[in-house]
Amino acid sequence: MNTKKLLCGSLSFLMSLTLTACSSGKAETEENTETEDKTEETAEEGWKVNGSYSQLISGDDRDLFDQTLASDNMKDHDPVAVLADQVVSGTNVAYLAFNTEKAPGYWEVAVIYKDAEGKSQFTNTAELNPDSLEFYTVTETPADLLGGWNYRSSGKPGALSEDGEAALSAAVEKSDLTLMPVALLGSDAGTGEYLFVCYGTKDDKNVVYIVTVKNEEITDTRILDLGKIVQPENKE
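This structure is a prediction, so every number in the text was calculated from the model and none was measured.

Conventions and cut-offs
Residues numbered from 1 in each chain as written. Predicted model: local features only at pLDDT ≥ 70, side-chain atom pairs only at ≥ 80, totals over all residues. Heavy atoms only, no water. Phe/Tyr/Trp six-rings, centres within 6.5 Å; stacked < 30°, edge-to-face > 60°. Buried < 20%, exposed > 50% of the residue type's maximum accessible area, 1.4 Å probe, protein only. Helix = DSSP H or I, 4+ residues; strand = E, 2+ residues; numbered from the N terminus. Expected span 1.5 Å × (residues − 1). Arc of directions from axis to C-beta. Pairing = 2+ DSSP bridges.

S.K.: Looking at this model, I keep getting lost on the packing of aromatic side chains. Mind explaining?
M.R.: Any aromatic ring pair is given by two values, namely how distant the centres are and how the planes are angled relative to each other. This structure, assessed with the given rule, holds five aromatic pairs. Between the aromatic rings of Phe-98 and Trp-107, the centroid separation amounts to 5.2 Å while the plane-to-plane angle is 75°, which identifies the pairing as edge-to-face. Trp-107 shares its class with Phe-98; the two are buried. With 6.1 Å between their ring centres and 25° between their planes, Tyr-194 and Phe-196 make a pair best called stacked. Take Tyr-194: its relative accessible area is 16%, and that puts it in the buried class.

S.K.: Would you mind showing me how to read helix α1 (residues 59–71) here?
M.R.: Three or four residues apart is the spacing at which side chains of an α-helix point the same way, because the helix has 3.6 residues per turn. With 13 residues, α1 ought to run about 18 Å at 1.5 Å a step, and its terminal C-alpha atoms sit 18 Å apart, in line with that. Buried residues of α1: Asp-61, Arg-62, Leu-64, Phe-65, Thr-68 and Leu-69, and no others. All buried residues of α1 lie within an arc of 160° about the axis, which places them on one face of the element. At the exit of α1 stands Asn-73, carrying a positive phi of roughly 55°.

S.K.: It is not clear to me how the environment of Gly-148 should be interpreted in this structure. Could you clarify?
M.R.: Inspection of the secondary structure assignment puts Gly-148 in the loop between β7 (137–138) and β8 (149–153). Along the sequence, Gly-148 and Val-87 sit 61 residues apart, while their C-alpha atoms lie 7.0 Å from each other.

S.K.: Any chance you could explain the pairing of strand β9 (residues 180–188) here in plain terms?
M.R.: Looking along a regular strand, one sees side chains alternate from face to face of the sheet. Burial analysis of β9 places eight of its nine residues in the buried class, the great majority of the element. In this structure, strand β2 (residues 47–49) lies alongside β9, joined through three bridges in antiparallel fashion. Pairing of Trp-47 across the sheet is with Asp-188, part of β9. With seven bridges joining them, β9 and strand β10 (residues 193–202) adopt antiparallel strand pairing. If you follow Ala-183 over to β10, its bridge partner there is Val-197.

Right, dumping it as structure tokens:
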């Protein structure tokens with residue numbers, strides 16, 4: 001792997017990204033729990049969701065997610081990583097999660113709002129697939145993109161297959177981007193495309209990218225705009 005440009009163990013190149021690897025303290029202990037492969041066995045062509053992942057999430061973040069699931073009478077959401085948090089009147093926490101509500105499952109960004117008294121609720125969820133990305137992503141960096149978001153990472157990917165990692169590494173080698181992969185969302189054997197969530201920088205700002213790779217080339221990069229996912233009343 002080209003460790004200079006595709007980083008899986010360090011994010012020192014990102015200006016102020018808070019690392020939450022297991023070495024950073026008790027509150028940020030990495031569970032890294034292997035889950036069963038929920039990838040659908042389908043025909044080779046067409047979008048195939050990657051359902052194999054490890055949980056890279058601290059005990060406190062997992063507790064908040066589970067507590068909110070129970071209070072909102074929801075289920076079938078499995079948190080994999082915390083992408084970012086944002087201090088407002090309370091705190092918004094954006095999770096990358098795998099939803100098994102409908103087969104074969106799908107990836108989503110789930111945002112939880114926790115108020116000053118500790119009460120929490122899901123404000124919104126956004127499914128991440130090739131057909132819905134335009135609703136939650138932008139191609140250029142708006143001036144207010146960060147919006148007070150503190151981007152976080154465990155320092156290693158939570159869902160990355162061997163062939164997906166090879167494709168992304170080869171593509172990054174040919175580009176001028178430096179990326180830290182978080183998850184392979186899925187692939188299309190018919191078109192040869194892979195879809196990833198990655199940390200990176202844009203215009204000297206930390207961002208979360210949705211990256212498309214085809215034939216070992218990066219064919220599209222979109223910036224995940226968390227402000228489009230959070231409900232307006234919980235935004236600054």
